[in-house]
Amino acid sequence: MRQATVYIDREALQYNLNRVKQLAPTAQIVSMVKANAYGHGVKDCLAALGETDAFGVACLEEALEIRELGYQQPITLIEGIFSEDEMQVVIENNIECVVHHQQQLDWLRAHKAAYIGKNLKVWVKLNSGMNRLGFKVPEIIKVINSLKAEGFSCVLAMHFANADAEHPLNEQQKNQFLQVKQACAPVMGSCCNSAAIYKWPELNFDFVRPGIMLYGASPFADQSVHDLDLKPVMTFTAEIIALNHIQAGEHVGYGSTFTADQDMDLAIVSIGYGDGYPRAFPKQNYVAINGQATRVIGRVAMDMIAIDVTGIDAPLGTEVELWGKNRLVDDVAEANGTIGYELLCRLSARPIRK
Ligand SMILES: Cc1ncc(COP(=O)(O)O)c(C=O)c1O
């Protein structure tokens, strides 16, 4: 059987959740499990996230999957509902909504009694400069104050555009959040993703919303998961299925983009973009064999890659780590010109999951 395999380390996930607890001891934790738990498989991850206070997802379908698996914690739809008919299902299943525009407010008010009757919180989204979703100041102050007067329990919610970096917008976003929080006091607050949990403990407030840190990848370009004391949750491996010895001047793979400058030993590994392994590598990429880095050579094909095993003990059947504890997904992403989030989320259905 073809051995392209995704291993999920549940203990690492629990460890990372505990790191959130250490960093934000007074906040409730809304674990972000959208996009199939960032590609890790929601079923496995929920089993390891029993200690979380709540879950965050991007749509009703993702929330219902959590309920079908038997988990009863609060769930927040971070983009709210997409049509009014979803509201009844939301309420029946004790799911909470973000509201970020007037139409969603109208839908919410049309179902007011049932929503409030279930003690569901409304997450009112502030647009403080990211210009994706939300009401601007001062409109949001009116929205929250009138929702409160109608009996809704509100959470002021915001998302940073640059929590992972130094940027002048950070101050503006923080200030607007604090301004609205004060103008609507008392109101619950939530504005921290993984990067913000590390950077601004004073902004943890009532609910933090960690995503990438739970999965043991870094939200920061200049800090590794080791620096952040997180453990990689996913290990992605494949197997050596062929060995070749080539001579100086010979080429490898599609387009013959690689030319050997000396005699070398090649191994062919059963992984490719059909599994979600990225194809474009503007920079040199590596895999790990028994913890040792070795370079990927030539183009990534749909089902195979070639690696340089000159001087390395790597017989047929050797397991090759594409990313995991030795070869960090963030480093593969960096060589690929993207972020760990994307590589994790875009795995295909083909790898075996263990
Ligand atoms: C609204 C919101 N909150 C929290 C998160 C989690 O972010 P991160 O994975 O960077 O921790 C996301 C992720 O995209 C999000 O959209």
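Residues numbered from 1 in each chain as written. Predicted model: local features only at pLDDT ≥ 70, side-chain atom pairs only at ≥ 80, totals over all residues. Heavy atoms only, no water.

Draft legend 1. Local environment of the nonpolar core. Ranked by internal contacts, the top residues of the largest apolar core, which has 112 residues, are Val-33, Val-124, Tyr-277, Ile-305, Ile-307 and Trp-323. Broken down by element, the residue count for this core peaks at 5 residues, all from helix H8 (residues 139–149). Counting contributing residues, this core receives three or more from each of domain 1 (10–215) and domain 2 (234–353). Apart from residues lying up to four places away in sequence, Tyr-277 is in contact with Phe-236, Ile-271, Gly-272, Asn-285, Tyr-286, Val-287, Val-296, Val-300, Ile-305, Leu-322 and Trp-323. (Core = buried A, V, L, I, M, F, W, Y, C linked by side-chain atoms within 4.5 Å. Buried < 20%, exposed > 50% of the residue type's maximum accessible area, 1.4 Å probe, protein only. Helix = DSSP H or I, 4+ residues; strand = E, 2+ residues; numbered from the N terminus. Domains from an automatic or database assignment. Contact = heavy atoms within 4.5 Å.)

Draft legend 2. Inspection of the UniProt feature "modified residue: N6-(pyridoxal phosphate)lysine" (unreviewed entry) in the chain at higher detail. What UniProt calls "modified residue: N6-(pyridoxal phosphate)lysine" (unreviewed entry) maps, in this numbering, to Lys-34. Along the chain, Lys-34 turns up in helix H2 (residues 34–38). What Lys-34 contacts, discounting residues up to four positions off in sequence, is Gly-56, Val-57, Ala-58, Glu-62 and Ile-78. (UniProt positions renumbered as here; feature names shortened; annotations may be inferred.)

Draft legend 3. Structural view of the pattern of salt bridges. A full pass over the atoms with the stated rule returns 13 salt bridges. Where Lys-21 meets Glu-51, a salt bridge forms, and the shortest distance between an N and an O atom there is 3.6 Å. Placement of Lys-21 in helix H1 (residues 10–23) and of Glu-51 in the loop between helix H3 (42–48) and strand S3 (54–57) is noted, with a sequence separation of 30 residues between them. Taking the shortest distance from any N to any O, the salt bridge between Glu-342 and Arg-346 comes out at 2.7 Å. Residue Arg-346 is classed as partly exposed on the basis of its relative accessible area, which comes to 34%. (Salt bridge = Lys/Arg side-chain N within 4 Å of Asp/Glu carboxyl O.)

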